[in-house]
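Remarks on the overall topology
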Amino acid sequence: MNIRAIQRSIDNYKDLLGDELSALLSKMYHAASELNYKLDWSGNDEAIEQAIYEGKPALSAEEPVIEVDWLKDAVSKLLKASGDRAEHINLDLLDTADLSHALTDPHATLESIVDSLRADNKELSDQEISHFSLSYSLALSLFGEKVHEALSDTLDKIHVKPGGNCPVCGNPASLAYIEESTAKDGAPKYLWCSTCHYSWRYSRIKCEICGNLKQEDLHYIFAKEKPSHKVHVCEKCGSAFPVVDQGKTSVLSAFEIEEFVMMDIMQDILSQDIDLDEIFGKGKAN
Ligand SMILES: [Zn+2]
Ligand SMILES: [Zn+2]
């Protein structure tokens, strides 16, 4: 985690994020930058390599489990940073939570934890739940980062072109970014996973969701005043995917923050009066 880049991004997008969310993110990420997960795991190389060869996520072969005491401490610190009373939320419930697929099935894992928190304390407000979820996901991503680092040599060694799902944890990519153009590489596109923070190279003209390669089906749409943030639309599967064009951003992106920014920008772009039929129609003509 690069806290300076994160803070620069928060400052840069303050208008878009609003004062309240900017302040919350700033406090939580600063607290997160003080945390450090010491990963004591080195996986079964053979099984992991085999999974990658078969195009499966590395963690489908073996998934390390986050240390619950570290997680409780991290979430408690992040909750305090958010301004919530951590003691209001019974973090001891994490002791009995099933964390065995925390990285490979993050939504179901979080959902079941939230269910048990709500059952334990009916008074919990939506804001408390949302701050807890943010704290938990942030802590999990610090663990995920260490896990992908432990696997990166193996992933580099095996030349299998990954698809739109993370080759480490298997979750769908959260956003794409196009790097600044270089003479050697053009402007390569990468996908980024918000669960484990792994990035991987991906074709520019390929749907991130269905893998469609037909150029005439794929369209980048963006607002004229913000060419740095685009939506990649695929006619075949009807998906809309967020893309940050780093060659056109004013500060280098921190993807953790771009994820929040993109939600807003996507909504804006997709609610604009864009005649998608016309764009698609043009592609189909002749
Ligand atoms: Zn991942
Ligand atoms: Zn598609």
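Notes on the structure follow. Source: prediction; values computed, not measured.

**Focus on the packing of helix α1 (residues 3–12) against helix α3 (residues 19–33)**
Their axes nearest at 10 Å, the elements α1 and α3 cross at an angle of 180°. Classed by the angle they form, the pair α1 and α3 counts as roughly antiparallel. On the side of α1, the interface is formed by I3, I6, Q7 and I10, while α3 contributes S22, L25, S26, Y29, H30 and S33. Looking at the contact of α1 with α3 residue by residue, the class counts come to five nonpolar, five polar and no charged.

**Notes on the pairing of strand β2 (residues 189–192)**
Where a strand is regular, its side chains alternate between the two sheet faces. Pairing analysis gives four bridges linking strand β1 (residues 175–178) to β2, with the strands arranged antiparallel. Residue pairing across strands places Y177 opposite Y190, the latter belonging to β2. Looking at chain direction, β2 and strand β3 (residues 199–202) are connected through four bridges and run antiparallel. By the bridge assignment for β3, Y190 is matched with R201. Once β2 ends, the chain turns through six residues before running back antiparallel as β3, passing H197 with a positive phi of about 65°.

**Quick word on the environment of V243**
Along the chain, the position of V243 falls in strand β6 (residues 240–245). Between the C-alpha atom of V243 and that of F222, which follows or precedes it by 21 residues, the distance is 9.7 Å. The contacts of V243, once residues within four sequence positions are left out, are L175, A176, I178, Y220, K230 and H232.

**Overview of the nonpolar core**
Ranked by internal contacts, the top residues of the largest apolar core, which has 64 residues, are L78, A139, V168 and L175. It is helix α7 (residues 126–157) that contributes the most residues to this core, nine residues altogether. When residues of this core are assigned to domains, at least three fall in each of domain 1 (35–157) and domain 2 (175–284). Dropping the residues within four chain positions of it, V168 is found in contact with P57, A58, L59, V147, H148, L151, C193, C196 and Y198.

**Some points on the sheet that holds β2**
The strand order across the open sheet formed by six strands is β3-β2-β1-β6-β5-β4, and the pairing between neighbours is mixed. Sheet topology places β3 and β4 (218–221) at the edges, where each strand pairs with a single neighbour. On average, adjacent strands in this sheet sit at an angle of 30° to one another, irrespective of strand direction.

**Considerations on helix α5 (residues 68–82)**
Its 15 residues give α5 an end-to-end C-alpha distance of 21 Å, which sits within 8% of 21 Å, the value for a rise of 1.5 Å per residue. Among all positions in α5, only L71, A74, V75, L78, L79, A81 and S82 are buried. The buried residues of α5 occupy an angular sector of 155° when projected down its axis, which confines them to one face. Elements in contact with the buried residues of α5: α3 and α7.

Reading the values: the criteria
- Residues numbered from 1 in each chain as written.
- Chains lettered and ligands numbered in written order.
- Predicted model: local features only at pLDDT ≥ 70, side-chain atom pairs only at ≥ 80, totals over all residues.
- Axes fitted to C-alpha atoms, helices over the stretch in contact; angles between N-to-C directions.
- Helix = DSSP H or I, 4+ residues; strand = E, 2+ residues; numbered from the N terminus.
- Parallel < 35°, antiparallel > 145°, perpendicular 65-115°, else oblique.
- Contact = placed C-beta atoms within 7 Å.
- Nonpolar A, V, L, I, M, F, W, Y, C, P; charged D, E, K, R; others polar.
- Pairing = 2+ DSSP bridges.
- Core = buried A, V, L, I, M, F, W, Y, C linked by C-beta atoms within 7 Å.
- Buried ≥ 20, exposed ≤ 12 C-beta atoms within 10 Å, placed from the backbone.
- Domains from an automatic or database assignment.
- Expected span 1.5 Å × (residues − 1).
- Arc of directions from axis to C-beta.

All we've got here are geometric facts, nothing functional implied.
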